[in-house]
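Results of the structural survey
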Amino acid sequence: MEDILQVLGDEYQNTLDLEGFSNMMKNPSYCYKFYWLEAIVNLISEGVVSTTFNDIIDEMIANAWYSVVEFHIHLSGVVAGDVRDGLERAVIKLHDLSKLSSNASKLEIRNAIKEHDKELNKVKSQLTNMVPYRALAGFFIKSDEIVNWDSIPRLVAYIQDFDKKTARLPYVLGTSPGLKKEVFFNLSWMKMIQDNTVPILGWIQYEKVKWLQNNNPEVPGLVYKLAPLNDKMRKLSKVRDLWTAVMTTNPIHDVFNDSVLDINEYDVDHFVPWSFVMNDELWNLMPMDSSLNSSKSNKLPKWDPFFRRFAANQFLMYEEICDKESIRKLFEKCYKDNLHSIWANQELYRQGNSKDTFYNILETNMRPVYESARRQGYQLWEI
């Protein structure tokens, strides 16, 4: 992404400290610095002139919900088994208290925050200790005055005094205690942000993704894991056509209950959950009893004995692809949406693999993906 200064252009250079603004996300210690600025931009885009720490934190929790709960992303990593990021801890606590589904709507999340506000008070308060103040540090670089970062009252006074002298800060803070502390937005900054909401949010997301990827190096498709699932991303129709054709001449047994699948009543699902891999690769897809699919949800099946059964169905399909031209043509129609992995194209589905070779190639490439999902916190499915 281009530098945010280039995106914003020259229109506000003479009236606003855009360089200070570009520094608001530099040198973060925790991910919630990104969510703080994102929440502010969202509120300003809605025309909010003043707010409180409490309302900003609520917005942050709602925005982080899907990454933490649905996709098991660690916002700032884990040390000795403990979650580092306070925002992640707040989301986890809300999830434990509310029992909301992982793909709950933003309105449901907000309502749950209000319902459990007292229980969340401590974890929410911890998020206000430094970021609201440190986020403004880039504006103070050219000042000769020494900033006392150890005293919140002195910081508030310094911010107010600095803004009176320069009128260059995007927000100043009130004197109310704790989560009730006021945040007052500068009207000139509000206009700039409202005029450039889309590129600014794009910049924040870009920086956030870089941070999250560094803290979740094993997680694929992380850029897609910042918002609710979009079922339109799934491309399963050609795979279903392929499996249906295979089923017309071969009884296919469900991987989990060993029943013969009904050609008219089955689902195509992922062995390793889609919410982790974020793709519809053929080698990770299986026909499955529709009655079991909802209970599996985004959990991981146990590797033993289910992988061997899964691989057996995959090999049966592979034999049909190799032996029948009509099945081969349906397989080739999967190229666009379901066959992008180089190892699958060059090794797994090449002609001439024995059953053992096919199983070994599949396990060698799938097992690390499966184990990564386990380490990331995906639960095992208890059938």
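Our subject in this report is the structure included herewith. (Residues numbered from 1 in each chain as written. Predicted model: local features only at pLDDT ≥ 70, side-chain atom pairs only at ≥ 80, totals over all residues. Heavy atoms only, no water.)

Concerning the overall build of the protein
Filter applied, for reference: A run of DSSP states H or I qualifies as a helix once it reaches four residues; a run of E qualifies as a strand once it reaches two. Both are numbered from the N-terminal end. Accessible area is worked out with a 1.4 Å probe on protein chains only. A residue is then buried under 20% of its type maximum, exposed over 50%, and partly exposed in between. The contact definition used throughout considers only heavy atoms, calling two residues in contact when any of these lie within 4.5 Å. Here Asp and Glu are counted as negative and Lys and Arg as positive; His is not counted, and neither are the chain ends. Throughout, a charge is located at the NZ atom of Lys, the CZ atom of Arg, the CG atom of Asp or the CD atom of Glu.
Helices and strands together make up the secondary structure of the protein, namely 19 helices and seven strands. Taken along the three principal axes of its C-alpha coordinates, the protein extends 80 × 45 × 35 Å. In the protein, which comprises 383 residues, the share counted as buried stands at 50%. Partitioning the intrachain contacts of the protein with sequence separation of at least 6 by distance along the chain shows that 68% fall at a separation of at least 24. Of the charged side chains in the protein, 44 are positive and 52 negative, and the gap between their average positions amounts to 3 Å.

Some thoughts on the pattern of salt bridges
Selection rule: Throughout this description, the term salt bridge denotes a Lys or Arg side-chain nitrogen within 4 Å of a carboxyl oxygen of Asp or Glu.
Tallying each qualifying case throughout the model produces 17 salt bridges. Across the salt bridge formed by Lys124 and Asp58, the nearest N and O atoms sit 2.7 Å from each other. With Lys124 in helix H7 (residues 117-126) and Asp58 in helix H4 (residues 53-70), this pair connects stretches of sequence that are 66 residues apart. With a relative accessible area of 0%, Lys124 lands in the buried category. Between Glu59 and Lys106 there is a salt bridge, and its shortest N-O distance comes to 3.3 Å. Of this pair, Glu59 sits in helix H4 while Lys106 sits in helix H6 (residues 106-115), and the two are 47 residues apart along the sequence. In this structure Glu59 comes out as buried when scored by relative accessible area, which is 3%. Overall, the relative accessible area of 30% leaves Lys106 in the partly exposed class. Via salt bridges that share partners, Asp58, Asp117 and Lys124 belong to a single interconnected network.

A look at the packing of helix H5 (residues 86-98) against H7
Note the cut-off: Axes, fitted as lines to C-alpha atoms, cover a helix only where it is in contact. Angles between the N-to-C directions of the axes lie from 0 to 180 degrees. These descriptions rest on fixed angle ranges, namely under 35 degrees for roughly parallel, over 145 for roughly antiparallel, 65 to 115 for roughly perpendicular, and the rest for oblique. Gly counts as polar in this scheme, as do all residues outside two lists: the nonpolar Ala, Val, Leu, Ile, Met, Phe, Trp, Tyr, Cys and Pro, and the charged Asp, Glu, Lys and Arg.
The N-to-C vectors of H5 and H7 enclose an angle of 170°; their axes lie 9 Å apart at closest approach. Classified by the angle their axes make, H5 and H7 are roughly antiparallel. Residue-level contacts link Arg89, Ala90, Lys93, Leu94 and Leu97 of H5 to Glu119, Leu120, Val123 and Gln126 of H7. Split by residue class, the contact of H5 with H7 holds five nonpolar, one polar and three charged.

Brief notes about the sheet that holds strand S5 (residues 182-185)
What counts here: Pairing between strands is defined by DSSP: at least two bridges between them are needed.
One open sheet accounts for three strands, arranged S1-S5-S4; its pairing is antiparallel. Both edges of this open sheet fall to strand S1 (50-52) and strand S4 (171-173), since each of them pairs with a single strand only. The sheet shows a mean angle of 25° between the axes of neighbouring strands, taken without regard to direction.

A short note on the packing of helix H3 (residues 32-45) against helix H11 (residues 197-215)
For the record, the criterion: For any helix crossing, the convention is left-handed if the near helix is rotated counterclockwise from the far helix by under a right angle, and right-handed if that rotation is clockwise.
Where H3 meets H11, the closest approach of the two axes is 10 Å, and the angle between their N-to-C directions is 165°. Overall, the two elements H3 and H11 adopt an arrangement that is roughly antiparallel. Like other packed secondary-structure pairs, H3 and H11 cross with a definite hand, here left-handed. Together, Phe34, Tyr35, Leu37, Glu38, Val41, Asn42 and Ser45 of H3 and Thr197, Ile200, Leu201, Trp203, Ile204, Glu207, Lys208 and Trp211 of H11 make up the contact between the two elements. Broken down by class, the residue content of the contact of H3 with H11 amounts to nine nonpolar, three polar and three charged.

Points about a positive patch on the surface
Under the convention used in this document: Here a patch means residues that are over 30% exposed by relative accessible area and free of salt bridges, tied together within 9 Å if like-charged and within 5 Å if nonpolar (Val, Leu, Ile, Met, Phe, Trp, Tyr). Working definition of accessibility: Shrake-Rupley area with a 1.4 Å probe, residue cover restricted to the visible protein chains.
A surface patch of like charges, here positive, comprises Lys235, Lys238, Lys329, Lys333 and Lys336. Looking at the secondary structure, you find Lys336 in helix H17 (residues 335-338).

Focus: the environment of Gln376
Heads up, the condition is: We define a polar contact as two N or O atoms separated by no more than 3.5 Å, with the added condition that, inside protein, one atom must be a possible hydrogen donor and the other a possible acceptor, whereas residues neighbouring each other in sequence contribute only through side-chain atom pairs.
Within the secondary structure, Gln376 sits in helix H19 (residues 355-376). For Gln376, a relative accessible area of 7% corresponds to the buried category. A C-alpha to C-alpha distance of 8.0 Å links Gln376 and His74, two positions 302 residues apart in sequence. Not counting residues up to four positions away in its chain, the partners in contact with Gln376 are His72, Ile73, His74, Asn216, Val219 and Phe276. In this structure the side chain of Gln376 is engaged in a polar contact, spanning 2.7 Å, whose partner is the side chain of Asn216.

A few points about the state of the cysteines
Working definition of a disulfide: a covalent bond connecting the sulfur atoms of two cysteines. Test applied: Pairs of cysteine sulfur atoms within 2.5 Å are identified as disulfides in what follows.
Inspection of every chain in the model, using the stated rule, returns zero disulfides. Unpaired in this structure, Cys322 has its nearest cysteine sulfur neighbour in Cys334, at a distance of 14 Å. Residue Cys322 is classed as partly exposed on the basis of its relative accessible area, which comes to 22%.

In short, geometric facts, not functional conclusions.
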